[in-house]
Amino acid sequence: MKKVFERPKSLKDTPSHFCPGCHSGLIHRLVAEAIDYFKIQERTIGVASVGCSVFLYNYLDVDVIEAPHGRAPAVCTGIKRVRKQNIVFTIQGDGDLAAIGTSEIIHTANRGENITVIFINNAVYGMTGGQMAPTTLLGQRTTTSPYGRDVQQEGYPVRMVELLSGLEGSAFIARAAVNKPANLMKAKKLIRRAFEMQINNMGFSMVEVLSACPTNWGLKPLEANRRVEEEMIPCFPLGVFKEKIQGSEDSRG
Amino acid sequence: MTKVAKKGKIAILKEICKGCGLCVDVCSQGILGLGDEMNSKGYYFSRINSEKNCTGCAVCAEMCPDLAIEVWRKSNISGNSRK
Ligand SMILES: Cc1ncc(C[n+]2csc(CCOP(=O)(O)OP(=O)(O)O)c2C)c(N)n1
Ligand code: SF4
Ligand code: SF4
């Protein structure tokens, strides 16, 4: 018999610290698979954001720099501008990307920086104990919205994919989920495509991946997984929202 | 391996498994189940009920956030490809 499932080469053989049923482990693996697929491990530089994804330096076997909270896209910009031969990416949470780092992500996308962002949207601040994030669903209870997010008080969940697609500088913007095999396979393709855009010098690419945080949602892993399907996907629709075509007038590649 | 003409075979790395049950949920053959035995981290790890219907599709391994499942398949059988 032939072994048909193997750990990607660029994913270190280290047990993860993620909680049981957290989708972050899946998303990190898909990133490693994309790095392996394009054989870019030697020239890839990761930028660790702040949040549960910070430990990307423990898991991905590539060079990594740590950025201050929310600033990963700015740090990526700096690295890519001086080292164009490298593939530069970050994995950011929703607190990191859509709250403290709103300015950085918007301007990085708008400038069309040739970097790749993997955005883990779990609708809460995971690492710090489940506070409300900009992406928290209406009615969702968190430690800082104990009665559920109320639109009168806290406004609507921010849809970053839709927002960034509207900027002229962005080249590839998509949203995926990994809650079931079919979605996971699509997520795999989209993450690979995002890296391909960078390799082809097409400009800014981002894939948002909806992710369960069983611990801070107060749900069992399978219940949390179901919530992604039943509550998150209806609020954050999946698909490719923007894709520049190589050689077209508005593309850089 | 035994000589039975099985299509697939899996192994669970019980010290890596966190007992989340995502693999149990996606296996179309009901091969997996959470057991009542704990690993050294205190998780009730996933167990193989009966392997004989395993197709080696690797969907369980794809869905495991902790890469705690290894899968083998008879090479002439096509299943879920990892492309
Ligand atoms: C400047 C700064 N402010 C606040 C913090 C505290 N802090 C650490 S992680 C975090 C939230 C991370 O949430 P998110 O980006 O959603 O990632 P997750 O943990 O959910 O993956 C915060 C506020 C910090 N480290 N630095
Ligand atoms: S707190 Fe949430 S996001 Fe962080 S590791 Fe646990 S489940 Fe994952
Ligand atoms: S998906 Fe992985 S971690 Fe979760 S129960 Fe199955 S083998 Fe264990």
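Residues numbered from 1 in each chain as written. Chains lettered and ligands numbered in written order. Predicted model: local features only at pLDDT ≥ 70, side-chain atom pairs only at ≥ 80, totals over all residues. Heavy atoms only, no water.

**Some points on the confidence of the model for chain B**
Residues and elements named next belong to chain B. This is how the line gets drawn: Every residue is assigned a pLDDT by the predictor, reflecting its confidence on a scale from 0 to 100. For the purposes of this entry, the term helix denotes a DSSP run of H or I that reaches at least four residues, the term strand denotes a run of E that reaches at least two, and both are numbered from the N terminus.
Of the residues in chain B, 84% reach a pLDDT of 70 or more, and the chain-wide mean stands at 89. Within chain B, no element has a lower average pLDDT than strand β2 (residues 32-38), which sits at 95, and none a higher one than helix α2 (residues 59-63), at 98. Overall fold confidence for the complex sits at a pTM of 0.95, while the interface term, ipTM, reaches 0.94.

**A few points about unusual backbone geometry**
Residue and element names in this part refer to chain A. In plain terms, the rule: We call a residue buried when its accessible area falls under 20% of the maximum for its residue type, exposed when it is over 50%, and partly exposed in between, using a 1.4 Å probe and counting protein chains only.
With a phi close to 50°, K39 is a non-glycine residue in the positive phi region. Within the secondary structure, K39 sits in the loop between α1 (24-37) and β2 (44-48). Residue class for K39 comes out exposed when judged on its relative accessible area of 75%. Although it is not a glycine, N201 adopts a positive phi angle of roughly 55°. The residue N201 is located in the loop between α8 (181-199) and β9 (204-210) in this model.

**Notes on the site of ligand 1**
All names here are of chain A. Selection rule: If even one non-hydrogen atom of a residue comes within 4 Å of a molecule or strand, that residue is called near it. Any N or O atom pair separated by 3.5 Å or less is treated as a polar contact, with the protein-specific requirement of one donor-capable and one acceptor-capable atom, and with residues adjacent in sequence counted only for side-chain atom pairs. Using a 1.4 Å probe, the Shrake-Rupley method yields the accessible areas, and only the shown protein chains count as cover for residues. A 1.4 Å probe that fits but cannot get out identifies a cavity on a 1 Å grid over protein atoms alone, an open set with protein on both sides within 12 Å along at least five of seven lines counts as a pocket, and a residue lines either if it has an atom within 4 Å of a point. To decide whether a molecule occupies a pocket or cavity, check its atoms: if more than half lie within 2 Å of the grid points, it is inside. By the convention adopted, Pro, Cys, Tyr, Trp, Phe, Met, Ile, Leu, Val and Ala count as nonpolar, Lys, Arg, Asp and Glu as charged, and the other residues, Gly among them, as polar.
Not every one of the 15 residues close to ligand 1 is listed here, only the nearest: C52, G95, D96, G126 and M127. Here N122 contributes a side-chain N or O atom positioned 3.0 Å from an oxygen atom of ligand 1. Contact distances for ligand 1 include 3.0 Å between an oxygen atom and a backbone N or O atom of V124. Burial of ligand 1 by the surrounding chains reaches 71%, relative to a free accessible area of 600 Å². A majority-of-atoms criterion places ligand 1 in the second largest pocket. Of all the secondary structure elements, the ones that give two or more residues to the shell around ligand 1 are α4 (94-100) and β6 (124-125). At 4 residues, α4 tops the list of elements feeding residues into the shell around ligand 1. Looking at the shell around ligand 1, its residues break down into 6 nonpolar, 7 polar and 2 charged.

**Topic: the packing of helix α3 (residues 72-82) of chain A against helix α5 (residues 102-110) of chain A**
In a packed pair of helices, the relevant descriptors are the angle between the two axes and the axis-to-axis distance. All names here are of chain A. The condition that has to hold: Note on definitions: angles span 0 to 180 degrees between N-to-C directions of axes, and those axes are lines fitted to C-alpha atoms, for helices only across the stretch in contact. Small angles under 35 degrees read as roughly parallel and large ones over 145 as roughly antiparallel, with 65 to 115 read as roughly perpendicular and the rest as oblique. Residue contacts are defined here by distance: any two heavy atoms, one from each residue, within 4.5 Å place the two residues in contact.
The N-to-C vectors of α3 and α5 enclose an angle of 40°; their axes lie 7 Å apart at closest approach. Classified by the angle their axes make, α3 and α5 are oblique. For the pair α3 and α5, contact is made by P73, A74 and T77 and by E104, I105 and T108, respectively. Class assignment for the residues of the contact of α3 with α5 results in 3 nonpolar, 2 polar and 1 charged.

**Notes on the interface of chain B and chain A**
Put simply, the rule is: Each of two parts loses accessible area, computed with a 1.4 Å probe, when they are put together; buried area is these two losses added. Criterion for a salt bridge: a side-chain nitrogen of Lys or Arg within 4 Å of a carboxyl oxygen of Asp or Glu. Whether two strands pair depends on DSSP finding at least two bridges between them.
Each partner contributes residues to the interface: chain B has 34 residues there, and chain A has 33 residues. Buried area between chain B and chain A, both sides added, is near 2600 Å², and the carbon and sulfur share of it is 65%. On the surface where chain B and chain A come into contact, there are 3 salt bridges. A salt bridge links K3(A) to E70(B); the shortest N-O distance between them is 3.0 Å. Here chain B is connected to chain A by 8 residue pairs in polar contact (both at pLDDT 80 or more). When contributions to the side of chain B that touches chain A are tallied by element, the ones reaching two or more residues are β1 (8-12), α1 (22-26), α2 and β4 (69-73) of chain B. Looking at the side of chain B that touches chain A element by element, the count peaks at 5 residues for β4(B). Pairing geometry for strand β1 (residues 2-5) of chain A and β4(B), over 3 bridges, is antiparallel. Pairing of K3(A) across the sheet is with W72(B), part of β4(B).

**Quick notes on the sheet that holds β2(A)**
Residue and element names in this part refer to chain A. Here 7 strands make up an open sheet; going across it, the order is β3-β2-β4-β5-β9-β8-β10 and the pairing mixed. At either margin of the open sheet sits one strand with a lone partner, and together these are β3 (63-66) and β10 (239-243). Each strand axis lies, on average, 15° off the axis of its neighbour in the sheet, ignoring direction. In this structure, strand β5 (residues 116-121) lies alongside β9, joined through 6 bridges in parallel fashion.

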